[in-house]
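Coordinate analysis (summary)
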Amino acid sequence: MQVVTDQIRNFLQYIAVQFIEFPAEAQLKVTELGPKRLRFKLVLRQSDVALLIGRNGFSASAIRGVLKSVSEREDVNVSLQIHSHEEEAEMQARDPRH
């Protein structure tokens with residue numbers, strides 16, 4: 001499972017840097033939700049969130065499509081969340097487990 005996690009992490013880091021303006025402020029968090037279930041969370045500057053999601057969500061949808069291909073091949077369930085630092089702080093305040 002660690003090999004798949006590392007592959008996806010490297011892919012997301014590479015892709016995110018291509019889209020965003022402030023990569024030094026980006027955080028990629030990985031949570032293992034259960035056996036063969038992973039959640040990746042990109043936490044970015046608000047302006048970078050819009051850039052990564054893209055017009056009408058097309059960029060984020062394409063990234064998730066690639067993740068789905070990899071995850072199906074490896075028999076792993078993968079989800080991707082994209083948040084701003086402010087949204088992440090708000091979610092942490094509401095639910096520290098998030």
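Our subject in this report is the structure included herewith. Computed from a prediction, not measured in an experiment: that's the story for all the values here. (Residues numbered from 1 in each chain as written. Predicted model: local features only at pLDDT ≥ 70, side-chain atom pairs only at ≥ 80, totals over all residues. Heavy atoms only, no water.)

Topic: the pairing of strand E2 (residues 37-44)
The following threshold applies: Relative accessible area decides the class of each residue, using a 1.4 Å probe on protein chains only: under 20% of the type maximum gives buried, over 50% gives exposed, and in between gives partly exposed. Helix and strand assignments follow DSSP, with helices taken as H or I runs no shorter than four residues and strands as E runs no shorter than two, numbered in order from the N terminus. Paired strands are those between which DSSP finds at least two bridges.
Judged by how many residues are buried, E2 sits mostly within the fold: 7 of 8 residues are covered. Here strand E1 (residues 27-34) pairs with E2 via 7 bridges, running antiparallel. When the sheet's bridge partners are listed, Lys29 is paired in E2 with Lys41. Hairpin connection, E1 to E2: the antiparallel pair is bridged by 2 residues, and Lys36 has positive phi, about 60°. Note that E2 and strand E3 (residues 77-84) share 8 bridges and pair parallel. Along E3, the bridge assignment pairs Arg39 with Ser79.

Remarks on the environment of Ser79
Note the cut-off: Contacts are assigned to residue pairs with any non-hydrogen atoms lying within 4.5 Å of each other.
Relative to the elements of secondary structure, Ser79 occurs in strand E3. With relative accessibility at 28%, the residue Ser79 sits in the partly exposed group. For the pair Ser79 and Gln18, spaced 61 residues apart in sequence, the C-alpha separation works out to 20 Å. Once residues within four sequence positions are removed from consideration, Ser79 is found in contact with Leu38, Arg39 and Phe40.

A look at the packing of aromatic side chains
So the rule is basically this: Side-chain rings of Phe, Tyr and Trp, where Trp is taken by its six-membered ring, are said to pair if the distance between their centres is within 6.5 Å; with planes under 30 degrees apart they count as stacked, over 60 as edge-to-face, and otherwise as tilted. Two conditions define a charge sitting above a ring: the NZ of Lys or the CZ of Arg must be within 6 Å of the ring centre, and it must be within 35 degrees of the ring normal.
Taken as a whole and assessed by the stated rule, the structure comprises 0 aromatic pairs. Here Arg45 stacks its cationic end above the ring of Phe22, 3.6 Å away from the centre of that ring.

Focus on the environment of Val17
Considering the arrangement of structural elements, one finds Val17 in helix H1 (residues 2-19). In this structure the C-alpha to C-alpha distance between Val17 and Asp48, which are 31 residues apart in sequence, comes to 10.0 Å.

As for the sheet that holds E1
Under the convention used in this document: To obtain an axis, a line is fitted to C-alpha atoms, over the contacting stretch when the element is a helix, and the angle between two such axes runs from 0 to 180 degrees between their N-to-C directions.
The sheet built from 3 strands is open, its strands ordered E1-E2-E3 with mixed pairing. Pairing within the sheet leaves two strands with one partner each, and these edge strands are E1 and E3. If you compare each strand with its neighbour and ignore which way they point, the axes differ by 20° on average. Helix-sheet contacts for H1 involve E1, E2 and E3, and the interaxial angle to E2 is about 25°.

Some points on the packing of H1 against helix H3 (residues 58-74)
Put simply, the test is: Convention used here: angles under 35 degrees read as roughly parallel, angles over 145 as roughly antiparallel, angles from 65 to 115 as roughly perpendicular, and any remaining angle as oblique. Here is the rule for handedness: rotate from the far helix to the near one, and if that takes an anticlockwise turn smaller than a right angle the crossing is left-handed, while a clockwise turn gives right-handed. All amino acids are sorted into three groups, where Ala, Val, Leu, Ile, Met, Phe, Trp, Tyr, Cys and Pro are nonpolar, Asp, Glu, Lys and Arg are charged, and the leftover types, Gly among them, are polar.
The interhelical angle for the contact between H1 and H3, taken along N-to-C directions, is 165°, at an axis separation of 11 Å. In terms of their interaxial angle, H1 and H3 are classed as roughly antiparallel. In the crossing of H1 with H3, the sense of the turn from one axis to the other is right-handed. Residues Val4, Ile8, Phe11, Leu12, Ile15 and Phe19 of H1 form the contact with H3, whose own contacting residues are Ser59, Ile63, Val66, Leu67, Val70 and Glu74. Its residues assigned to classes, the contact of H1 with H3 shows 10 nonpolar, 1 polar and 1 charged.

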